[in-house]
Amino acid sequence: DMILAGVLLLLQGASPFTNKQCIRNNDDRRLRELAAEPRAGIGQALLNVALKSPVWAYVLVPQARASIVKTAEENDIPWTKAKTWLKSHKGAPWNDEHRRVEVESEAEYPEYYRRSFHAYEDGNLSYDAAIEQELASRSIGARNFPAYGERGEDVFRDAFDIGLSKLGAQVKSNDDGSAMVVDFGCGTGTSTRRLAKQYPGATRLVGIDLSPYFIDVGTTLLKLAPNAVGIGEDGQEGWITSIDADDRIDLRQGDVARTGLPDDSVSVVNLSLVMHELPVSAAKDVVDEAFRILQPGGQMWISEMDFESPAYAAQRENAMLFSLLRATEPYLDEYADSMEEMREYITELFGELKITAATGRHYALIATKLSREDKGEGVIEDTRFKPDGSYGLDDTHLRPWESKQTDIRK
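Quick notes on the rules
Residues numbered from 1 in each chain as written. Predicted model: local features only at pLDDT ≥ 70, side-chain atom pairs only at ≥ 80, totals over all residues. Heavy atoms only, no water. Helix = DSSP H or I, 4+ residues; strand = E, 2+ residues; numbered from the N terminus. Buried < 20%, exposed > 50% of the residue type's maximum accessible area, 1.4 Å probe, protein only. Contact = heavy atoms within 4.5 Å. Areas by Shrake-Rupley, 256 points an atom, 1.4 Å probe, with all protein chains shown as cover. Pairing = 2+ DSSP bridges. Axes fitted to C-alpha atoms, helices over the stretch in contact; angles between N-to-C directions. Phe/Tyr/Trp six-rings, centres within 6.5 Å; stacked < 30°, edge-to-face > 60°. 1 Å grid on protein atoms, 1.4 Å probe; cavity = no way out; pocket = protein on both sides within 12 Å on 5 of 7 lines; lining within 4 Å. Points joined across faces, edges and corners; volume = space filled by probe spheres on them. Nonpolar A, V, L, I, M, F, W, Y, C, P; charged D, E, K, R; others polar. Polar contact = N/O pair within 3.5 Å; in protein donor to acceptor, adjacent residues only side chain to side chain. Salt bridge = Lys/Arg side-chain N within 4 Å of Asp/Glu carboxyl O.

Draft legend 1. Structural context of the overall build of the chain. Within the chain, the regular secondary structure consists of 17 helices and eight strands. Evaluated residue by residue, the chain yields a buried proportion of 56% over its 410 residues. In the chain, of all internal contacts separated by at least 6 residues, the share reaching a separation of at least 24 is 78%. Surface exposure of the chain reaches about 18,500 Å², of which carbon and sulfur atoms provide 49%.

Structural data, given as structure tokens:
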């Protein structure tokens, strides 16, 4: 998360993190047990008050954002140039007063979606949040995977692709030869564009997001089909990555719990880092909708944070660290507590669930929609952990309090 990483960089060397030893402990079973309960008590209550104070909103958050911008620029991610180029585009919706008024009044949102997310007061309901989404993702990728610099986010997303492939990801065509992939919670379309490149056989890719602001940004980027800064004839103008126009992609504003798509019509439903931003009741509604629109044999792909991994289990045990994380992700405790419940819910509905480690702290999951006859009692194939109980992949993320110069082998 952009603001969390920035705040931790600001606090680096001064914060009373007390669980570094615990985070490096290889006893994965013990760490998973430690993750069972959210933080409570007087100390936690005082910390929660501090995170709601003006100091958080008017001091730490702006400084944290500046720190992330600096991280981007130091890793050859031209945050300032790219943002200025996109914001100043004359034909963009955010520079059209009529569109701004329209977008602020046209949509209705579930109550849970009106919360502050990612330290933006209006959550995902602003052009600032939408324009900075891809910028922040590239910056955090570079910070978390410093060996890869500006390619860090690509390496991160590649890990999910590898995990899904290992589980048997496929885009199955309908009887008429069509193959639709629907990207739930697509944001500005980063994951949708990636799916389009990976699956040229998909005849249609529909990205759906509740935020009209994010859809406006994503649609504009597809229309502009820009080169990255420093590439092509424009040279110093462009986006942070090159984007190809693709007529198969359709980004639309809407609630992924009520897509309006026909029953049994979709080959794949993709949810990339979406579930942790939902309360459990909303997550189940989304899963129900995915099941309804998927054709028999179709697959639901989930790429997510794994709070049963030792790395995230230890973060949750650390009061200050997890409180900072929850301050920008309001449903994170609920998500962490409901992981097993959601796996069982998905398995009972779909019939088959496979899950594996994608990174040292994330999982890839595929649920296949089986027929009533084939479903039986439901099957869960969980290969995240080795026979000795340790997690399937090493945690190669940079630790939250560490800088690129920190030796994480110590």
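Past the structure itself, the notes keep going.
Draft legend 2. Summary view of unusual backbone geometry. One non-glycine residue with positive phi stands out, namely A225, at about 45 degrees. With respect to the secondary-structure elements, A225 resides in the loop between α11 (212-224) and β3 (249-253). The exposure class of A225 is partly exposed, given its relative accessible area of 29%. Despite not being glycine, D264 has its phi angle at roughly 55 degrees, a positive value. Tracing the backbone shows D264 in the loop between β3 and β4 (266-272). For D264, a relative accessible area of 40% corresponds to the partly exposed category.

Draft legend 3. Local environment of the sheet that holds strand β1 (residues 180-184). Across the sheet, eight strands lie side by side as β3-β2-β1-β4-β5-β7-β6-β8; this open sheet has mixed pairing. Looking at which strands have only one partner, the edges of the open sheet turn out to be β3 and β8 (379-382). Strand after strand, the sheet turns through a mean of 15 degrees between neighbouring axes, direction not considered. Across four bridges, β1 lies against β4 in parallel orientation. When the sheet's bridge partners are listed, F184 is paired in β4 with L271. The strands touched by α11 within the sheet are β2 (204-209) and β3, with β3 carrying the most contacts at an inclination of about 155 degrees.

Draft legend 4. The packing of aromatic side chains, seen in detail. In total, this model carries twelve aromatic pairs according to the counting rule given. Aromatic pair Y199 and W301: ring centres 5.5 Å apart, planes at 45 degrees, arrangement tilted. Taken together, the positions of Y199 in the loop between α10 (190-198) and β2 and W301 in strand β5 (residues 294-305) put the pair 102 residues apart, joining distant regions of the chain. Residue classification places Y199 among the partly exposed residues on the basis of a relative accessible area of 22%. Taken together, a centroid distance of 5.2 Å and an interplanar angle of 80 degrees make the contact between F385 and Y391 edge-to-face. The partly exposed category is assigned to F385, whose relative accessible area is 22%.

Draft legend 5. Empty space enclosed by the protein, seen in detail. Per the counting criterion, the structure on display carries three cavities of 30 Å³ or more. Space inside the second largest cavity adds up to approximately 140 Å³. Considering the residues around the second largest cavity, the lining is formed by 15 residues, among which M275, Y335, M339, M342 and Y363 are closest to the centre. Elements that contribute at least two residues to the lining of the second largest cavity include exactly α12 (280-293), α16 (339-350) and β7 (362-369). Ranked by residue count, the leading element in the lining of the second largest cavity is α16, at four residues. Here the residues of the lining of the second largest cavity sort into 13 nonpolar, one polar and one charged.

Draft legend 6. Geometry of the side chain of R99. Here R99 is to be found in helix α7 (residues 97-105). At a separation of 3.0 Å, a polar atom in the side chain of R99 contacts the side chain of D216.

Draft legend 7. Up close: the pattern of salt bridges. One pass over the structure, following the stated rule, counts 27 salt bridges. For E153, the salt bridge goes to R157, with nearest N and O atoms at 2.9 Å. Within this pair, E153 and its partner R157 are both found in helix α9 (residues 152-167), separated by four residues, close to a single helical turn. Side by side, E153 and R157 carry an identical accessibility label, which is buried. Of the charged contacts, one joins K284 and E341 as a salt bridge, the two residues approaching to 2.7 Å between their closest N and O atoms. Note that K284 is positioned in helix α12 and E341 in helix α16, a separation of 57 residues in sequence. What makes E341 partly exposed here is its relative accessible area of 37%.

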